[in-house]
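# Understanding the architecture of this molecule
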Amino acid sequence: MPTLSPSSVVAALRAAGCVFAEDEAELLLAAARTPEELAALVDRRVAGTPLEHVLGWAEFRGLRITVEPGVFVPRRRTEFLVEQALAQAPDAAVVVDLCCGSGAVGAALGAALGGVELHAADVDPAAVRCARRNLAAAGGQVHTGDLFRALPDDLRGRVGILAANVPYVPSGEVPLLPSEAREHEPLVALDGGADGLDVLRRVAAGAPHWLAPGGCLLVETGERQAPAAVAAFTRSGLTTRVAVSEELYAPVVIGVRP
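Figured I'd write up the structure that's included with this text. Being a predicted model, the structure only gives us computed values, none of them experimental.

Reading the values: the criteria
- Residues numbered from 1 in each chain as written.
- Predicted model: local features only at pLDDT ≥ 70, side-chain atom pairs only at ≥ 80, totals over all residues.
- Heavy atoms only, no water.
- Salt bridge = Lys/Arg side-chain N within 4 Å of Asp/Glu carboxyl O.
- Helix = DSSP H or I, 4+ residues; strand = E, 2+ residues; numbered from the N terminus.
- Buried < 20%, exposed > 50% of the residue type's maximum accessible area, 1.4 Å probe, protein only.
- Phe/Tyr/Trp six-rings, centres within 6.5 Å; stacked < 30°, edge-to-face > 60°.
- Pairing = 2+ DSSP bridges.
- Axes fitted to C-alpha atoms, helices over the stretch in contact; angles between N-to-C directions.
- Contact = heavy atoms within 4.5 Å.

Moving on, we get to the pattern of salt bridges. Tallied over the entire structure, the rule returns 13 salt bridges. We note a salt bridge from Arg 61 to Glu 83, for which the minimum N-O separation is 4.0 Å. Taken as a pair, Arg 61 in the loop between strand S1 (57-60) and strand S2 (63-66) and Glu 83 in helix H5 (residues 79-88) lie far apart in primary sequence, 22 residues in all. Its relative accessible area of 34% is what places Arg 61 among the partly exposed residues. Classification of Glu 83 as partly exposed rests on a relative accessible area of 36%. We note a salt bridge from Arg 149 to Asp 146, for which the minimum N-O separation is 3.7 Å. According to the relative accessible area criterion, Arg 149 is exposed, its value standing at 72%. Accessibility expressed as a relative area gives 25% for Asp 146, which makes it partly exposed. Three or more residues joined by partner-sharing salt bridges are found here, namely Asp 146, Arg 149 and Arg 202.

Written out as structure tokens, the structure reads:
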């Protein structure tokens, strides 16, 4: 098999529509141990497999997060949610990453806060397996189940940061997502119901029972949905505001238990 040159890798990726072909080529070249392995990695990427699934990891707030096939890939815009959590509750002792996917948010919070009691939960067993690997360094516990039902009872009333990266794409807009997401990530991590807020409303309704006094709930949402998300938080008795990163285009709704 002829060895692929860096320029031929870039050309193959560019022809497949990869916008950051040079950057991706550099990562694939670094990951491959043999010419055959490089060819296989390039073939998978050209076929539309997300780069993170090809590499087996994604970068998130300076951490290398393991991402297995079929698991939701953490988005860079979600780093803003982590920043907001740290600003709101810099002394949090108990952290929960709900709808954790790969566990990127929990891993980032655990790394930044150090020595916290860290829990994460997801309904998808593949995500839970992945999150266990990513939260091991921070001593995090990962639970399988539907939202709060997955959590140990002794967390009630003790959580300082409850981060929930819920699915928020309206069902009717899921077919409009990029094929990388539609074909390689679980629907349960994308589809938020008719208006995209089904899971968010359930999280907002349950959060006050789990938050410590002064504890905060943070959820990423779409710009159009932010007012309805704020209303859901407020109905639950949380003191609510919206933080927006213009650069990352990522509204985060923040609710604090009085």
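The description of two aromatic rings rests on the distance between their centres and on the angle between their planes. For the coordinates displayed, the defined rule picks out 1 aromatic pair. Between Phe 148 and Trp 210, the ring centres sit 5.7 Å apart and the planes meet at 10°, which makes this aromatic pair stacked. Linking Phe 148 in the loop between strand S5 (141-144) and strand S6 (159-164) with Trp 210 in helix H9 (residues 198-210), this pair joins segments that are 62 residues apart in sequence. When its relative accessible area of 4% is taken as the criterion, Trp 210 is described as buried.

Moving on: the sheet that holds strand S9 (residues 252-256). Ordered in space as S5-S4-S3-S6-S7-S9-S8, the 7 strands form an open sheet in which the pairing is mixed. The open sheet is flanked by S5 and strand S8 (239-243), the only strands paired with a single partner. This sheet shows a mean twist of 15° between the axes of neighbouring strands, independent of strand direction. Of the strand pairs in this sheet, strand S3 (residues 94-98) and strand S4 (residues 117-122) are connected by 5 bridges, and their pairing is parallel. Across the sheet, Val 94 pairs through a bridge with Glu 117, a residue of S4. Across the sheet, helix H7 (residues 125-135) lies against S4 and S5, angled at about 175° from S5, the strand it touches most.

Attention shifts here to helix H6 (residues 104-113). Counting buried positions along H6 gives 8 out of 10 residues, so the element sits mostly inside the fold. When we look at burial in H6, the residues that qualify are Ala 104, Val 105, Gly 106, Ala 107, Ala 108, Leu 109, Gly 110 and Leu 113.

The next thing to look at is the pairing of S1. With 4 bridges joining them, S1 and S2 adopt antiparallel strand pairing. The partner of Ala 58 across the bridge, within S2, is Ile 65.

Take the pairing of strand S7 (residues 211-220) next. Within S7, 8 of the 10 residues are buried, which leaves the element mostly enclosed by the surrounding structure. Sheet topology note: the S6/S7 ladder contains 5 bridges and is parallel. Residue pairing across strands places Val 159 opposite Leu 211, the latter belonging to S7. With 5 bridges joining them, S7 and S9 adopt antiparallel strand pairing. Considered in S9, the bridge of Val 219 is made with Val 253.

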